[in-house]
Amino acid sequence: MNQKILKLSVPLLVVAAVAYLILSPSRYVGYTPDQPIPFNHKIHAGDNGIDCRYCHTGVDNSAHATVPPSSTCMNCHGLGGVAAKQEHVKWLTEQYNNKRPVSWVKVHDTPDFVYFNHSRHINRGVDCSQCHGNIAEAEVVGQSKSLNMGFCVDCHRENNAPNDCSTCHR
Ligand code: HEC
Ligand code: HEC
Ligand code: HEC
Ligand code: HEC
Ligand code: HEC
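The structure contained in this document is the topic of the report that follows. These numbers come from a predicted model, not from an experiment. (Residues numbered from 1 in each chain as written. Chains lettered and ligands numbered in written order. Predicted model: local features only at pLDDT ≥ 70, side-chain atom pairs only at ≥ 80, totals over all residues. Heavy atoms only, no water.)

**Examining the packing of helix H4 (residues 70-77) against helix H5 (residues 87-97)**
Helix packing geometry: the angle between the two helix axes and the distance between the axes.
Alright, step 1. Where H4 contacts H5, the axes come no closer than 10 Å and their chain directions differ by 125°. The angle between H4 and H5 falls in the class oblique. For the crossing formed where H4 meets H5, the hand is left-handed. The residues of H5 that touch H4, namely those facing Ser 70, Ser 71, Cys 73, Met 74 and His 77, are Val 89, Leu 92, Thr 93 and Tyr 96. (Axes fitted to C-alpha atoms, helices over the stretch in contact; angles between N-to-C directions. Helix = DSSP H or I, 4+ residues; strand = E, 2+ residues; numbered from the N terminus. Parallel < 35°, antiparallel > 145°, perpendicular 65-115°, else oblique. Left-handed = near helix turned anticlockwise from the far one by under 90°. Contact = heavy atoms within 4.5 Å.)

Structural data, given as structure tokens:
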């Protein structure tokens, strides 16, 4: 009898501990992975005022925000374009000409068992900065909010948004 409980509870504890380590917010806040080349949001979205949606198409009409393909960059940085001689722009142009997509590393990643939808938030006037911080002033993108369950549920409560489990877990 006791042995049976022990056999059951030890693996459960291990699972709980691993889940805690994986899911605790501190693992995410401040996460700033190295990118293939530095991409500076402050220069683009801040100093030059390029709209977030110009690059992150989809953010206001679908679940996903998308990261732009190099062809979007080439609208400005193509041959003879903006900063064409800068080393990272040169590298970018070379990749583009050789049809090699840039492998940007994902920064924000909610677990697969969570359903999230950008457009629902954007169309209700929730600002990017409420979940991502002030990206227009960021030289490097890192995760600035926990994006854990408490973070989502608190804002839903304050805004009378749906809060039953099936809203975010399907
Ligand atoms: C709408 C125009 C536009 C688009 C689109 C654009 N850029 Fe830029 N980019 C600029 C401007 C303006 C600068 C500043 C140039 C300067 O100050 O000399 C710049 C500068 C840069 C630099 C040099 C940064 C530095 O530290 O000097 C890099 C690298 C760069 N962009 C990468 C990208 C990438 C990658 C994309 C696509 C994801 C992109 N750009 C899309 C306008 C654009
Ligand atoms: C010129 C194109 C461009 C513009 C304009 C732009 N971004 Fe980005 N964004 C990128 C690229 C390229 C990446 C991937 C590289 C990185 O993470 O730094 C990125 C990454 C991100 C990420 C992290 C994505 C992830 O993997 O989790 C967020 C969040 C983001 N951008 C938000 C914004 C917001 C908010 C604005 C407007 C204030 C904006 N971006 C404007 C090109 C752009
Ligand atoms: C209510 C919170 C919230 C708001 C508002 C929000 N985001 Fe996000 N964003 C997230 C979450 C959560 C993820 C991770 C999604 C995932 O892993 O499936 C994410 C991921 C991203 C990504 C990575 C690509 C993707 O779709 O996974 C980009 C780029 C991005 N957001 C840009 C933006 C921009 C630009 C805005 C404003 C126009 C914005 N976000 C507004 C919460 C938000
Ligand atoms: C800053 C406030 C805020 C934060 C943070 C936030 N939400 Fe929301 N969310 C809202 C509002 C407001 C709505 C209602 C939108 C509407 O009425 O269309 C909503 C709607 C939704 C919906 C659509 C609900 C439905 O069935 O109509 C989903 C799914 C959702 N949020 C998931 C999330 C998840 C997951 C997170 C955390 C990663 C999150 N939200 C964080 C404010 C927020
Ligand atoms: C507004 C969105 C939202 C609602 C509503 C919501 N959750 Fe979550 N839930 C999340 C997010 C986001 C995570 C992922 C947390 C992380 O990455 O740390 C999560 C994680 C979880 C986990 C994994 C363990 C943990 O705490 O991280 C469980 C279990 C869970 N939710 C159960 C529930 C139950 C039961 C309900 C209803 C009472 C519920 N959730 C309602 C967004 C939501």
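Resuming the write-up.
**Some words on the site of ligand 4**
Alright, step 1. Around ligand 4, the structure places 18 residues, and the nearest of them are Arg 120, His 121, Cys 152, Cys 155 and His 156.
Alright, step 2. In the model, an oxygen atom of ligand 4 is placed 2.7 Å from a nitrogen or oxygen of the Arg 120 side chain.
Alright, step 3. Between ligand 4 and His 121 there is a distance of 2.8 Å, counted from a nitrogen atom to a side-chain nitrogen or oxygen.
Alright, step 4. Of all the secondary structure elements, the ones that give two or more residues to the shell around ligand 4 are helix H6 (118-122), helix H7 (128-132), helix H8 (149-158) and helix H9 (165-168).
Alright, step 5. Here the shell around ligand 4 gets four residues from one element, more than from any other, and that element is H8.
Alright, step 6. Of the residues contributing to the shell around ligand 4, the split by class is 11 nonpolar, five polar and two charged. (Near = heavy atom within 4 Å. Polar contact = N/O pair within 3.5 Å; in protein donor to acceptor, adjacent residues only side chain to side chain. Nonpolar A, V, L, I, M, F, W, Y, C, P; charged D, E, K, R; others polar.)

**Describing the coordination of the iron atom of ligand 3**
Alright, step 1. The iron atom of ligand 3 binds to the protein through His 118 (NE2) and His 132 (NE2); the donor distances cover 2.0 to 2.1 Å.
Alright, step 2. Relative to the metal, the six donor atoms surrounding the iron atom of ligand 3 lie at angles of 87 to 180°, and the coordination shape comes out octahedral. With His 118 in helix H6 and His 132 in helix H7, this residue pair connects regions lying 14 residues apart in the sequence.
Alright, step 3. Relative accessible area serves as the criterion here: at 17%, His 118 is assigned to the buried category. (Donors = N, O, S within 2.8 Å, 3.2 Å for Na, K, Ca; no water. Tetrahedral: all angles 85-135°; square planar, octahedral: opposite > 155°, others 65-115°. Buried < 20%, exposed > 50% of the residue type's maximum accessible area, 1.4 Å probe, protein only.)

**Brief notes about the pattern of salt bridges**
Alright, step 1. Inspection of every chain in the model, using the stated rule, returns four salt bridges.
Alright, step 2. Here Asp 51 ties to Arg 53 by a salt bridge, and the two come within 3.5 Å at their closest N and O atoms.
Alright, step 3. The partner of Arg 53 in a salt bridge is Asp 60, with the nearest N and O atoms 3.2 Å apart.
Alright, step 4. Judged by relative accessible area, Arg 53 falls into the partly exposed class, the value being 37%.
Alright, step 5. Among the charged side chains, a network of salt bridges with common partners joins Asp 51, Arg 53 and Asp 60. (Salt bridge = Lys/Arg side-chain N within 4 Å of Asp/Glu carboxyl O.)

**Observations concerning unusual backbone geometry**
Alright, step 1. The residue Thr 66 is not glycine, and still its phi comes out positive at about 60°.
Alright, step 2. Within the element layout of this structure, Thr 66 appears in the loop between helix H3 (52-55) and H4.
Alright, step 3. Assessed through its relative accessible area of 38%, Thr 66 is described here as partly exposed.
Alright, step 4. Its identity is not glycine, yet Lys 99 carries a phi of approximately 55°, on the positive side.

**Regarding the packing of aromatic side chains**
Alright, step 1. Evaluated as defined, the whole model comprises one aromatic pair.
Alright, step 2. Taking the centre distance of 6.3 Å and the plane angle of 75° together, the rings of Phe 39 and Trp 104 count as edge-to-face. Taken together, the residues span a long stretch of sequence, with Phe 39 in the loop between helix H1 (2-23) and helix H2 (41-47) and Trp 104 in the loop between H5 and H6 at a distance of 65 residues.
Alright, step 3. A relative accessible area of 32% means that Phe 39 is categorised as partly exposed.
Alright, step 4. What makes Trp 104 partly exposed here is its relative accessible area of 25%. (Phe/Tyr/Trp six-rings, centres within 6.5 Å; stacked < 30°, edge-to-face > 60°.)

**Here we look at the coordination of the iron atom of ligand 4**
Think of it this way: four donors in a tetrahedron around the metal ideally sit 109.5 degrees apart, and six in an octahedron ideally sit 90 or 180 degrees apart.
Alright, step 1. Protein-derived coordination of the iron atom of ligand 4 comes from His 121 (NE2) and His 156 (NE2), at a distance range of 2.0 Å.
Alright, step 2. Viewed at the metal, the six donor atoms of the iron atom of ligand 4 are separated by angles of 88 to 179°, and the geometry they form is octahedral. Pair noted here: His 121 is in helix H6 and His 156 is in helix H8, with a separation of 35 residues, a long-range link.

These results come straight from atomic positions and should not be treated as a statement about function.
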